[in-house]
Amino acid sequence: MSTGTYAPKPGAAPVGRMIAAQTALETRMLLRNGEQLLLTVIIPSLLLVLFSTVDIVDTGADRAVDFLAPGVLALAVMSTAFTGQAIATGFERRYGVLKRLGASPLPRWALMTAKTLSVLVTEVLQIALLTVIALALGWSPQGDPVSVLGLLVLGTAAFSGLGLLMAGTLKAEATLAAANLVFLLLLVGGGVIVPLDRFPEAARSALELLPISALSDGLRGVLQGGAAMPWGDALILAVWALLGLGAAARFFRWE
C-alpha cells in the first residue's frame, strides 16, 4: 500500500451535483411544510371540487369543471412559483440562510436554479393531482399538450420572477402579507373562478394583462376550446417573465 492512498482530496462537488442536491433539499422542505401544502395543494383542490359540484358561480360553460380546471391549474402555478416561493425565500433571507449559502461553494445562480427546479417538481405533482381530480369530476381536456406545457413554463417563469423580486426587496413580514394579499386578489380578479366577462369592460381590459389572467385564459383556450397556442397570452406571460426575472436579478438583496 503506497503512502497517500487515503489522502484527502478537498474541493467542491461538480456544479450539477450541487444543484441536484439543493433541488432535492428544497423540494423536501417544501413538501414537509404544512402551510405551503395548504396553499399549493389543498386550496386549489378544494376550489376545484367545490365550484365544480356546487352551482355558485355561473361559468357559462356546458360543465363547470371544463371552465374551472384550466383556471385552477393556473392558480396552482401561481401559488407555488409566486406565493410559496416569495414567502419561503423572504424568510430564508431574513434568517441569514441565503447569506450563508452564498458563502458556500454553491454559486448564487445555482441556488436560484435549484429553487426554480424545486418549483417545477412541485408543480408536476400539483398538476398531476389536480388533473386526476378534474377527470374524476368529468373533465374532458382537449388541445395540444405541447401548447399547454409552453404556457405552464412561461407562467412559471413569470410568477417566479415576481416572487423572487418581492422576496429580495421587501422585509419577510411584508412579503408574507403582500404575497397572500396578491394571491387572494388574483384568485378573484384573474379569471380563475369568475369569468372575466363578468367584470366591467374598463376593468376587464386591465385584468386581461395580468399574468394569472393570461395563463388561465390561455390554458382554457387550449384545454376547453382545443385551440392552438394562444400567442397573445403567451406574449403577455413572456413580457412578465422578462420584467420579473430581470428586476429580480438587478434588485435582489441577499441580506
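Above this text is the structure in question.
What counts, and where the lines are drawn
- Residues numbered from 1 in each chain as written.
- Predicted model: local features only at pLDDT ≥ 70, side-chain atom pairs only at ≥ 80, totals over all residues.
- Heavy atoms only, no water.
- Helix = DSSP H or I, 4+ residues; strand = E, 2+ residues; numbered from the N terminus.
- Rg over C-alpha atoms; globule rule 2.2 N^0.38 Å.
- Phe/Tyr/Trp six-rings, centres within 6.5 Å; stacked < 30°, edge-to-face > 60°.
- Buried < 20%, exposed > 50% of the residue type's maximum accessible area, 1.4 Å probe, protein only.
- Lys NZ or Arg CZ within 6 Å of the ring centre and 35° of its normal.
- Salt bridge = Lys/Arg side-chain N within 4 Å of Asp/Glu carboxyl O.
- Expected span 1.5 Å × (residues − 1).
- Polar contact = N/O pair within 3.5 Å; in protein donor to acceptor, adjacent residues only side chain to side chain.
- Core = buried A, V, L, I, M, F, W, Y, C linked by side-chain atoms within 4.5 Å.
- Contact = heavy atoms within 4.5 Å.
- Axes fitted to C-alpha atoms, helices over the stretch in contact; angles between N-to-C directions.
- Left-handed = near helix turned anticlockwise from the far one by under 90°.
- Nonpolar A, V, L, I, M, F, W, Y, C, P; charged D, E, K, R; others polar.

Draft legend 1. Expanded view of the overall build of the protein chain. Scanning the protein chain for helices and strands turns up 10 helices and zero strands. For the protein chain, the N- to C-terminal ordering of α and β elements is α-α-α-α-α-α-α-α-α-α. Compactness check: the protein chain gives a C-alpha radius of gyration of 20 Å against a globular reference of 18 Å for 255 residues, within 12% of the reference. Principal axes of the C-alpha set define a box for the protein chain whose edges measure 80 × 40 × 35 Å.

Draft legend 2. Quick look at the packing of aromatic side chains. This model, assessed by the stated rule, comprises two aromatic pairs. Ring centres 6.1 Å apart and planes at 35 degrees place the aromatic pair Phe91 and Tyr95 in the tilted group. On the basis of relative accessibility, which here comes to 55%, the residue Tyr95 falls in the exposed class. Ring centres of Phe252 and Trp254 lie 5.3 Å apart, and the angle between their planes is 70 degrees; this geometry places the pair in the edge-to-face category. Residue class for Phe252 comes out buried when judged on its relative accessible area of 12%. Between the NZ or CZ atom of Arg220 and the centre of the ring of Phe67, over which it lies, the distance is 3.7 Å.

Draft legend 3. A look at the environment of Gly221. Within the fold, Gly221 resides in helix H9 (residues 211-223). Given a relative accessible area of 27%, Gly221 falls into the partly exposed group. Between the C-alpha atoms of Gly221 and Pro70, which are 151 residues apart in sequence, the distance is 8.9 Å.

Draft legend 4. Molecular detail of the pattern of salt bridges. Evaluation of the coordinates by the stated rule reveals five salt bridges. Ionic pairing is found between Glu92 and Lys115, a salt bridge with its closest N-O pair at 2.6 Å. Of this pair, Glu92 sits in helix H3 (residues 64-94) while Lys115 sits in helix H5 (residues 108-136), and the two are 23 residues apart along the sequence. Neither Glu92 nor Lys115 differs from the other in exposure class; each is buried. Residues Asp197 and Arg198 are paired through a salt bridge, measuring 2.7 Å at the closest nitrogen-oxygen approach. Looking at Arg198, the relative accessible area reads 41%, which means it is partly exposed.

Draft legend 5. Up close: helix H6 (residues 145-169). Taking 1.5 Å of rise per residue, 25 residues should cover 36 Å, and H6 covers 36 Å from first to last C-alpha, within 8% of that figure. You can read the cap of H6 off the contacts: a side-chain oxygen lies 3.2 Å from the backbone nitrogen of Val146, and it is on Asp144.

Draft legend 6. Up close: the nonpolar core. Of all hydrophobic cores here, the largest spans 45 residues; its most connected members are Leu48, Met78, Leu151, Phe159, Leu215 and Leu219. Where this core is concerned, the elements lending two or more residues are helix H2 (34-53), H3, H5, H6, helix H7 (172-189), H9 and helix H10 (231-251). In terms of residue count, the dominant contributor to this core is H3 (15 residues). Those residues in contact with Leu219, other than ones at most four positions away along the chain, are Pro70, Leu73, Ala74, Val148, Leu151, Leu152 and Gln224. Grouped together as the second largest cluster of nonpolar side chains are 12 residues, Met18, Leu106, Met112 and Phe252 included.

Draft legend 7. Molecular detail of the packing of H9 against H10. Where H9 meets H10, the axes come as close as 9 Å, and the angle between the chain directions of the two elements is 145 degrees. Taken as a pair, H9 and H10 cross one another with a handedness that is left-handed. In contact with Pro211, Ala214, Leu215, Asp217 and Gly218 of H9, H10 contributes Asp233, Ile236, Leu237 and Trp240. Here the residues of the contact of H9 with H10 sort into six nonpolar, one polar and two charged.

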